[in-house]
Amino acid sequence: MPHPSNLTQGILTKRIPCWPFADPKGRHIVGWDEYTATGGHVGLRKALALKPDEVTEEVKKSQLRGRGGAGFPCGLKWTFLPKVTIDASGKESNAGQRYLAVNADESEPCTFKDRLLMDFDPHLLLEGIAICCYACRIPTAYIFIRGEYHHQAKVLEKALAEAYAKGLFGKQGLLGGSMTGKGESFAVDCYVHRGAGAYICGEETGLLEALEGKRGWPRIKPPFPAIKGLFGKPTIINNVETLSHLPSIIENGADWFCKQGVTSTIGGPPSFGTKLMGVSGHVNRPGVYECELGIPLRTLVESKDYCQGMRGGKKFKGAIAGGISMGVLGPDQFDAEMDFDIGRKYNVLGLGTACPTVFDEDTDMVAVARNIARFFKHESCGQCTPCREGSGWLYQLMSRIEGGEAKTKDLDLALEVATSMGSMPGTTICGLADGNNWAIRTIINKFRDEFEKRVKPTFVPVKMTVGAGARG
Amino acid sequence: MSATDRTTATINGNVVDVRRGDTILAAASRAGIEIPTLCAGEGMESEGGCRMCLVEIDGQRVQAACHTPITPGMNVRTATPHLKGMRHDLLALMLSTQPKDACFPDAKGTKFERLLAEYGVVEPTFGNHGTHTALDESHPYLRFDRDKCITCRLCLNACEQIQGQFVYAIEGRGGRSRLVFGATERFADSGCVSCGACVMECPTGAITDRDRIEIAPSRAPLHAAGKAVSREHVQPDLAADSVCGYCGVGCRVHIEAKDGVVLRINGVEGAAVNDGHLCVKGRYAHGYQRSSERLTTPLLRDASGTLRPATWDEAINFTARRLVELRDTFGPDALGTMTSSRSTNEAAYLLQKLFRSIIGTNNTDCCARICHSSTAVALGMTTGTGAATASYVDLDETGLIVLSGSNPTEAHPVIGARIKQAVLRGAALIVIDPRSIEMAHYAAVHLQLWPGTNVPLFNALAKVLIEEDLYDKAYVASRCEGFEEFKSFLAAQSLDDLSRLTRVPVELIRKAAHIIAKRGPGLFTSGLGLSEQTQGVGSVMAFSNLGLLTGAIGKHGSGMLPLRGQNNVQGNADMGSQPYSLTGYMKLGDPAVQSRLESIWGKAPPPEAGKTIPEMFNAAIEGKLKAMWIQGEDVVQSDPNTEHVKKALSSLDLLIVQEIFMTETAEIAHVVFPAAAVLEQEGTFTNGERRIQHVRPAVPPPGIARPDWEVIRDVGIAMKGLGSRWKYDSPSDVMDELAKVVPHLFGGVSYERLSGDGLQWPCPSPDHPGTRTLHTDTFVRGKGLFMSVDYSPPMDRLSREFPLVLITGRVLDHYNVGTMTRRTPSARIVDRDVLELHAEDAARLGIADGSRVRVKSRWGQTIAPARISRRVMPGTSFLTFHFPETGCNLVVGPNCDPTSKCPDYKVVAVELTPV
Ligand SMILES: Cc1cc2nc3c(=O)[nH]c(=O)nc-3n(C[C@H](O)[C@H](O)[C@H](O)COP(=O)(O)O)c2cc1C
Ligand code: SF4
Ligand code: SF4
Ligand code: SF4
Ligand code: FES
């Protein structure tokens, strides 16, 4: 399927000079005045003229899917909040305390897309937050930003101070107390909260715990955050990039949004809109590119507009699909389309953050596996047995294989552990174990010969009678 | 539950009920289908960590049964090969983190080991990478073996959700996660209060206690590290459900014994009082039972003045003969008795009956005189019954708890834990106490009043409630009397004056009153801090005014809930161990009562009130009292003004003491009867919520010691006369007689009905279920009575010579004068009495932390080590009374409440000097 690239300028990256639309040298932090002068807050103004539910409806219609990794439809998520009652005269009952938690934790290895937005165009995110808060009747938003994003936190804080000074946030009501479709102004407070450096705090309920000042231990669901989230109140969690899409969706309408991206070729939900794709690895020009969903990985890597080919003209060997939790694409999957169908079509967990890491023919996939296993071992929160113990054990085993000390049967054991750790969500409390499982399992399965070369043969056939491996 | 709440689902082909809010695990267990778990605790929030309980559900991903709600139509499978495979791997992973042999498959072992056996996990498939860590044996009762720990966090949840202590935490992430004791490395240094809740939950034996290890006879060393691990749990040869013999909470216990020795004590799951929970004393402090210092034979003082062993016949006949002689020579009123709040209802009943009928005097008092007499008197006056109007279960339902003069987390730990859970659940707590006790940290408001000023403080609260129109007008109008008088009494006082007296700022008083109004009606919980004051009765009455004003009395979830000190303080009063009213609080001289007693006892007691304990002591010194029978109470140590008591007792012609240890009181007795302890006898106790519960023996008494009631019966019979009619074959016969004596309270009580949680009196007929809440429709006295109580300052005035206030009290790990607990490992946790004082005073007086201080009052002096503490406010100090070496009561004077005669242990003027 040819990619219909009809974009003439970036949408999220409109103000961020970003290849292929402009020269990256012109990048700078966009302040309030520049932001408004370049079409900022048009979407928010339009949103405030609507009723909150109309805004939600528009977002739902756009079929915008979450950009944080799971791809959950954004508008649909908002509708899970408790309903407010609206009387005949259109007056709403008070929705009470609710929260928006903006997921700016971006800790997935190989993922660095939200960072671009926070680096240069913070007001876009703030406008998105304002729209979401209005639509969901949320008076308080927290931006949970990863601890290592020190610079970005400063940029955000400065932008936030500006936004308060200009009356976007604060008790007078959004945009200086503008009248809204609710018949009154609506006030939102927004805060930046810095994480302390744990990957697990990016998981939405781990994030809530961390915001409450506790260990970032993901919560058992149900109850879901939309019902009982931060401090026990209804809470929406959205990714930075997801929220940054809202201003343009409201400004230009859902139909406009649905013209970008692709529909599913396998009968699933569509992948509309553009996506920031942060490409790293063995390519000539790594970086963050805004592309329409559905762009084949090969195009992204080889196009002169994007990565300009494999580094040193080497051969493509494989790629991490979109953040290491998603697993890897094999040598024969270079043509995989970067959209939400990718999981089912190419046997990976999903599109994830759509930030691929590309490996050339010289890459030692065993070392890759070992490195990934090390990450998960280090980042497991320790709550669930399979993840806590399994991740450590997988790392040990990968190290042993890399060191040439393992036997064939260890490979099967590794698959067995990986599988019982989270072949399906549900085996553990959160998705971290799934990520570990998918990463290790897809590497072993797609590059099994490399592993087999590194292990000593076992002469006694391994009998998997009781273990999860019995499933085959 | 309405019919629409329920439909059905299928688990392994069995149709099960779906109840709203149930997890798959709960539904399965109701249907008798077992799903393996390693981190789910009964009644605790789901943890969801071990993932052993994963199940398959049609059309869904695998789910953890312990936290996935069951929904109608669900089709669940719990034991497919796939699931079994996953569980096998999980167990193998857990085993793989342990050093060799820390745990291994064992069908008779711990829960974890049983699962290893069931799933055939013999060796750690994933390699043995656990490293051995040293055993933590620092704690006197508990032990932690990190090698066995699977980080399931059941202990942590038990500690938080049952005890509310928050001892544990998890440190580190992923495979490095490990259980820690807060910030401390050693168990002993943690905030642990040794309740044992975590031990009961731990599925691996990593946290365990000495009662589960040390007594085990076979301790086979298992691996090279040389760790001794008992593989076999010692199986008890006798087990009994009984009642804890320490405090007035009255927890139900399950005692396991072997060869006449207590092996371990567990709480009874589902018990109304404690639902399986216990405190350090109830669970662990049973070592005194097999102490070598126990009295094993009767002792008689011989001609040379020394106590020598005697046979029971000798001792009983001597006692009976002397009692008859003294009665006939000096008259019945020259004899008196003091029953023990520790003894059973049956023993207390028989002893007062012996004095009231065979001897013919009302000189029958109880050691409760020195603790809760004020509460009983005050509530008797304001409501008509001198007992708690509410029950413990109300703590779980209430939205407000007002706690005054009670330190429940130390004195009544199981209730303390229940109050904490109530507060964690969202109930508002107001603490009114001169000390910053643990519960003060959980309080919405802590009114830290000057000692002895409870009356003006309660009046101030009442004043705000009335003046700001925040009281329950309908209730006051229809159910109470004396309100107008009370209102004008308060109108005449100024809030500023009251605030100045109590040293509590007006704003804080207002804030508390507003919370009381907004969150009530609530529970008004008090303790000895209220009753052991010169104005003890007044304080409790002023407290009960608040209960009346807010319409709290007579409803579920609210009311007056005083916490009784000793296990059977309530029962002793119920049995008639007070000189001014009879068994069941019946009036002296009431003709109907007289005639009933005459028909049952053979003789009615005299109509005049007898002497209280302090009066008996005075009479003894004056030579008017010749004989005393003291049951299980070391009055020399526990009563105020030690020298005075010693003098009184030594003036007697006959002192009979029933004891389990050779106490200071027993040492001056003429007759010492060795008594069976709680764990060794049958009878009943009545707890602070009027619950009569069955006490059953688990071990035999040492030597030829016997239960109190039997000895009293035999002395009664040996006294001939009315005693010849005494025919009781068992304590149950005594209870049957009691039912006849006081039909309106106990008519329906019999041993057959006391299985399980017993009965809360009043229980007037055999088909009556007992009474949870008193005064529901009308007050027992008709209407609730407002009492206008004016402040009178404590009798022990501060002066230039004695400028500081001393408060006395107890700590968690010991019980009363420590007769029992000092003979257990609790002595290792707290090994001395300490004097707490504020840093300001310490600096002024030149007292360093840990240095020795002379505590001197108008009445006596003692020396104790100092601890500089923020729990007390400047100008006040606090001393415990658990160790005889300190003789804390040497310092407490003879001041007492003029009505109840309850001594003032809480406000003593002292001088502190460094030594
Ligand atoms: C282990 C783990 C880590 C995650 N880390 C992030 C993250 O760093 N940033 C993010 O936006 N979402 C992260 N997610 C996804 C969030 O849980 C959640 O799905 C997302 O924030 C929802 O926002 P969206 O719907 O706008 O995508 C993580 C999920 C898991 C399981
Ligand atoms: S899967 Fe891993 S990271 Fe997620 S909650 Fe469980 S232990 Fe923690
Ligand atoms: S014994 Fe009680 S207080 Fe101590 S750690 Fe265990 S549960 Fe907590
Ligand atoms: S000590 Fe026992 S209960 Fe606590 S985490 Fe370890 S295994 Fe679980
Ligand atoms: S019992 Fe369900 S996860 Fe442990």
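None of these values were measured; they are calculated from a predicted model.

The rules behind these values
Residues take numbers from 1 onward in each chain, read along the sequence in its written order. All chains are assigned letters beginning at A, and all ligands numbers beginning at 1, according to the order in which they are written. In keeping with the predicted nature of the model, local features appear solely for residues at pLDDT of at least 70, side-chain atom pairs appear and are counted solely at 80 or more, and the whole-chain, interface and lining totals rest on all residues. Numbering of helices and strands runs from the N terminus, with a helix taken as a DSSP run of H or I at least four residues long and a strand as a DSSP run of E at least two residues long. Based on C-alpha atoms, the radius of gyration is set beside the globule rule, defined as 2.2 Å times the residue count to the power 0.38. Burial in this document is a count-based property: other C-beta atoms within 10 Å of a residue's C-beta are tallied, and the residue is buried at 20 or more, exposed at 12 or fewer, or partly exposed in between, with C-beta positions derived from the backbone. Here the rule is simple: two strands pair whenever DSSP picks up at least two bridges between them. Residues are classed as near a molecule or strand if the C-beta position derived from their backbone is within 6 Å of it. Charged means Asp, Glu, Lys or Arg here, nonpolar means Ala, Val, Leu, Ile, Met, Phe, Trp, Tyr, Cys or Pro, and polar covers whatever is left, Gly included. Per the annotation, domain bounds derive from an automatic or database assignment of domains. Note on contacts: residues are paired as contacts if their backbone-placed C-beta atoms lie within 7 Å. By definition, a nonpolar core groups buried Ala, Val, Leu, Ile, Met, Phe, Trp, Tyr and Cys residues that connect through C-beta atoms lying within 7 Å of each other. The axes are straight lines fitted to the C-alpha atoms, using for helices just the contacting stretch, and the angles between their N-to-C directions are given from 0 to 180°. An angle below 35 degrees is read as roughly parallel, one above 145 as roughly antiparallel, one from 65 to 115 as roughly perpendicular, and any other as oblique. Note on convention: near helix rotated counterclockwise from far helix by under a right angle means a left-handed crossing. Clockwise means right-handed. Confidence per residue, as judged by the predictor, is encoded in pLDDT with a range of 0 to 100.

> Explanation requested: the overall build of chain A in the structure shown.
In terms of helices and strands, chain A carries 19 helices and 13 strands. A compact globule built from 472 residues would reach a C-alpha radius of gyration of about 23 Å, and chain A, at 23 Å, matches this within 12%. By its C-alpha atoms, chain A is 80 × 50 × 40 Å across when sized along the principal axes. Out of the 472 residues in chain A, the part that is buried amounts to 55%.

> What's the story with the sheet that holds strand β4 (residues 63-64) of chain B in this structure? I'm lost.
Each strand in a sheet pairs with another by means of backbone hydrogen bonds, the pair being arranged parallel or else antiparallel. Residue and element names in this part refer to chain B. With mixed pairing, 5 strands are arranged side by side in an open sheet as β2-β1-β5-β3-β4. The strands lining the two open edges of the sheet, one partner per strand, are β2 (14-18) and β4. The sheet contact formed by strand β3 (residues 54-57) and β4 spans 2 bridges and is antiparallel. What sits directly across from Val-55, in β4, is Gln-63.

> What is the right way to read the site of ligand 4 from this model?
Near ligand 4 there are 13 residues, and of these Cys-149, Cys-152, Cys-155, Cys-202 and Ala-206 of chain B occur at the shortest range. Grouping the amino acids of the shell around ligand 4 by side-chain chemistry returns 9 nonpolar, 2 polar and 2 charged.

> Quick question: what am I supposed to make of the domain arrangement of chain B here?
We note that the domain assignment places domain 1 (3-79), domain 2 (299-369 + 568-760), domain 3 (373-560) and domain 4 (804-914) within chain B. Computed from C-alpha coordinates alone, the two centres of domain 1 of chain B and domain 2 of chain B are separated by 56 Å.

> I tried to follow the site of ligand 1 on my own but got confused; where do I start?
Residue and element names in this part refer to chain A. Near ligand 1 you find 23 residues, and of these Gly-66, Gly-68, Gly-202, Thr-242 and Gly-431 are the closest. In terms of residue count, strand β4 (residues 235-239) provides more of the shell around ligand 1 than any other element does, 3 residues in total. Taken together, the residues of the shell around ligand 1 sort by class into 7 nonpolar, 10 polar and 6 charged. Summarising the domain contributions, the shell around ligand 1 has at least three residues from each of domain 1 (24-86 + 93-257) and domain 3 (365-471).

> Which parts of the structure should I look at to understand the interface of chain A and chain B?
Size of an interface, as often reported, equals the accessible area lost when the parts are brought together. Contacts between the two partners involve 33 residues from chain A, matched on the other side by 33 residues from chain B. Mapped by element, the contributors of at least two residues to the side of chain A that touches chain B are α15 (365-379), α16 (385-402) and α17 (408-422) of chain A. At 9 residues, the largest contribution of residues to the side of chain A that touches chain B is made by α16 of chain A. Partitioning the side of chain A that touches chain B into residue classes produces 13 nonpolar, 14 polar and 6 charged.

> Mind showing me how you'd approach helix α23 (residues 613-621) of chain B here?
An α-helical turn contains 3.6 residues, so any two residues separated by three or four positions project in the same direction. All names here are of chain B. Taken together, the buried positions of α23 are occupied by Ile-613, Pro-614, Met-616, Phe-617, Ala-619 and Ala-620. In the core, the buried residues of α23 are packed alongside β15 (335-339), β16 (364-366), β23 (627-631) and α25 (642-650). Of the residues flanking the end of α23, it is Gly-623, one or two places downstream, whose phi is positive at about 85°.

> Looking at this structure, I do not really get the nonpolar core. What am I missing?
If you look at soluble globular proteins, the nonpolar side chains tend to sit buried side by side. Residues Leu-100, Ala-101, Val-102 and Ile-129 of chain A together with Ile-430 and Leu-461 of chain B are the most contacted members of the largest nonpolar core, which totals 384 residues. Those residues in contact with Ile-129 of chain A that lie beyond four places of it in its chain are Leu-100, Val-102, Ala-141, Cys-190 and Leu-243 of chain A. Listed in part, the 20 residues of the second largest apolar core include Leu-804, Val-853, Ala-866 and Ala-909 of chain B.

> So what exactly am I meant to see when it comes to the packing of α15 of chain A against helix α18 (residues 432-446) of chain A here?
Axes are the key here: two packed helices are described by the angle between their axes and the distance separating the axes. Residues and elements named next belong to chain A. Axis separation between α15 and α18 bottoms out at 10 Å; the angle between their running directions is 170°. Considering their axes alone, α15 and α18 lie roughly antiparallel with respect to each other. For the pair α15 and α18, the contacting residues are Met-365, Val-368, Ala-369, Ile-372, Ala-373, Phe-376 and Glu-379 in the first and Leu-432, Gly-435, Asn-436, Ala-439, Ile-440 and Ile-443 in the second.

> In this structure, what is going on with the sheet that holds strand β28 (residues 759-760) of chain B? I would like to understand it.
An order of β26-β27-β28 (chain B) is seen for the 3 strands of this open sheet, with the pairing classed as antiparallel. Edge positions in the sheet fall to β26 (683-686) and β28 of chain B, since each of these pairs with one other strand and no more.

> For this particular structure, what's the right way to read the packing of helix α8 (residues 312-330) of chain B against helix α27 (residues 708-718) of chain B?
Residue and element names in this part refer to chain B. Where α8 meets α27, the closest approach of the two axes is 8 Å, and the angle between their N-to-C directions is 55°. In terms of orientation, α8 and α27 fall into the oblique class. Seen from above, α8 lies across α27 with right-handed handedness. Of the residues in α27, those touching α8 at Ile-316, Asn-317, Thr-319 and Ala-320 are Asp-714, Val-715 and Ala-718. Along the lines of polarity and charge, the residues of the contact of α8 with α27 split into 4 nonpolar, 2 polar and 1 charged.

> Would you explain the confidence of the model for chain A in this entry?
Any segment with low pLDDT has predicted coordinates that should not be analysed in fine detail. Residues and elements named next belong to chain A. Within chain A, residue pLDDT values average 91, and 93% of them lie at 70 or more. Predicted confidence is poor over residues 1-5, with pLDDT under 50, and the contacts of this stretch with residues over four places away or in other chains come to 7 contacts. Low pLDDT, under 50, characterises residues 462-472; the stretch is placed with 28 contacts to residues that sit more than four places away or in other chains.

> Would you explain the pairing of strand β10 (residues 316-320) of chain A in this entry?
For a regular strand, side chains alternate in direction, first toward one face of the sheet and then toward the other. All names here are of chain A. Burial of β10 is extensive: 5 of the 5 residues sit out of reach of the surface. Of the pairings in the sheet, the one linking β10 to strand β13 (residues 357-360) comprises 4 bridges and is antiparallel in character. By the bridge assignment, Gly-318 is partnered in β13 with Phe-359. In terms of strand pairing, β10 meets strand β11 (residues 328-329) through 2 bridges, oriented antiparallel. Residue pairing for β11: Ile-320 is matched across the bridge by Val-328.

> Would you explain the environment of Lys-626 of chain B in this entry?
All names here are of chain B. Within the secondary structure, Lys-626 sits in the loop between α23 and β23. What makes Lys-626 buried here is the crowd of 23 C-beta atoms within 10 Å. Expressed as a C-alpha distance, the spacing of Lys-626 and Leu-845, which sit 219 residues apart in the sequence, is 46 Å.

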